[in-house]
Amino acid sequence: MKLTALGGLTPLTNWSPHLPTTSGKNNKPVVISTWNHGIPANEEAWNILSRKGTALDAVEAGVRIPEADPEVRTVGYGGYPDRDGFVTLDACIMDEKEQCGSVAALQHIKHPISVARKVIEESPHVMLVGEGALQFALDQGFEKENLLTEASRKDWEEWKEDADYQPEINIENHDTIGMLALDSHGNLSGACTTSGAAWKMHGRVGDSPLIGAGLFVDNEVGAAAATGLGEEVIRTCGSHLVVENMRRGDDPETACKKAVQRIVEKNESVNNIQVGFIAVNKQGQFGGYSIQQGFNFAVCESDNNRLIDAPSWVS
Ligand code: ASP
């Protein structure tokens, strides 16, 4: 994926994976997000944060960038379909008051993250799924669209020739965007959005729309988000675990590492499992950690937006 340099900001990509990924204290605003597509997403979020906007507005606006980008084949429009050819999207959002909204297995709506926010604002619930989520979105004025691009349709047709599903996610066939922000008012919010595992069973929901698994925010402590094999993240309540590790005093990178360790310990082998976590704490320190090499995340603070290679369990 091509990186987008930030207008006026300095993109850096040469961080060593083994430098500590935590910056100094009282670092705000700051925004971090998963994978290469975090760079343009951070740029959008930074436009809001740098003008003293809220973390909630920033994370929603930020993740809408990959959601709308057909080149990003793992989020929103242009995302890979399930094995039956349906693009089904999962997303959640959580703010500093621990208000959260989520949609799962949502079809035909380009911006599931904005529907998730509407779940907070316009419904008495936290989570809507499938047809009900679609109906809610349409009632809220979202437009029904075809999200299956020609490129993704072709890849699906090719996949169907063997229909060989490898539930083990490698680092190429996923790439949720999870984004966490600390705004200049000192408040935290997070967003997570994905088309989920390529060629998944119809109806499969991963970790990304599940509060506590794909995303968790506690404004007293910090926020975390996950990417990778959702089933493993769900089993360990991964993002909640990261935040609880920070509550017990871990810096963000260590908190992520311990959550990775939990997954490693629960599996006989992690050869075919990739999970990555990112975290930011109330002081604006941040970090990430993954099982396998190859996970990176984008950080934007003060005047630069850069990619950081996360340290990994397997080296
Ligand atoms: N966690 C997502 C899922 O399992 C996949 C990913 O991060 O790419 O649906």
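Right above here is the structure, for reference.
All figures in this text were calculated on a predicted structure; none of them were measured in a lab.

**Student:** Just to check I follow, could you spell out the overall build of the chain for this structure?
**Tutor:** On a plain count of helices and strands, the chain comes out with 8 helices and 13 strands. Considering only contacts within the chain whose residues lie at least 6 apart along the sequence, 67% involve residues at least 24 apart. Surface accessibility of the chain: about 12,700 Å² in total, with carbon and sulfur atoms responsible for 46%.

**Student:** What is the right way to look at the pattern of salt bridges in this model?
**Tutor:** When the charged atoms of two side chains with opposite charge come close together, those side chains can pair. In the structure shown here, the tally under the stated rule is 14 salt bridges. Ionic pairing is found between R73 and D155, a salt bridge with its closest N-O pair at 2.7 Å. Remark: D155 occurs in helix α5 (residues 150-162) and R73 occurs in the loop between α2 (55-68) and β3 (89-94); sequence separation between them is 82 residues. For R73, a relative accessible area of 19% translates into the label buried. Across the salt bridge formed by R306 and E301, the nearest N and O atoms sit 2.5 Å from each other. There is no split in this pair, since R306 and E301 are both buried. The network of salt bridges with common partners includes D57, E60, R117 and E121.

**Student:** Help me understand helix α3 (residues 112-122), please; the structure alone is not making it clear to me.
**Tutor:** Given 3.6 residues per helical turn, the α-helix brings residues three or four places apart onto the same face. Within α3, 8 of the 11 residues are buried, leaving the element largely enclosed by the surrounding structure. Those residues of α3 that fall on the buried side of the exposure criterion are P112, I113, S114, V115, A116, R117, V119 and I120. Along its buried surface, α3 packs onto α2, β3, β4 (100-106), β5 (127-129), α4 (130-139) and β7 (188-194).

**Student:** Can you help me understand unusual backbone geometry in this one?
**Tutor:** Peptide bonds are trans in most cases, and residues, glycine excluded, mostly fall at negative phi. Here the residue pair K28 and P29 is connected by a cis peptide bond, since its omega of 0° sits within 30 degrees of zero. The topology assignment puts P29 in the loop between β1 (10-12) and β2 (30-34). Residue A105 is not a glycine yet carries a positive backbone phi of 50°. With respect to the secondary-structure elements, A105 resides in strand β4. Even without glycine at this site, H108 takes up a positive phi of about 75°.

Criteria and thresholds
Residues numbered from 1 in each chain as written. Predicted model: local features only at pLDDT ≥ 70, side-chain atom pairs only at ≥ 80, totals over all residues. Heavy atoms only, no water. Helix = DSSP H or I, 4+ residues; strand = E, 2+ residues; numbered from the N terminus. Contact = heavy atoms within 4.5 Å. Areas by Shrake-Rupley, 256 points an atom, 1.4 Å probe, with all protein chains shown as cover. Salt bridge = Lys/Arg side-chain N within 4 Å of Asp/Glu carboxyl O. Buried < 20%, exposed > 50% of the residue type's maximum accessible area, 1.4 Å probe, protein only.

Fair warning: the whole summary comes from geometry, so function is off the table for now.
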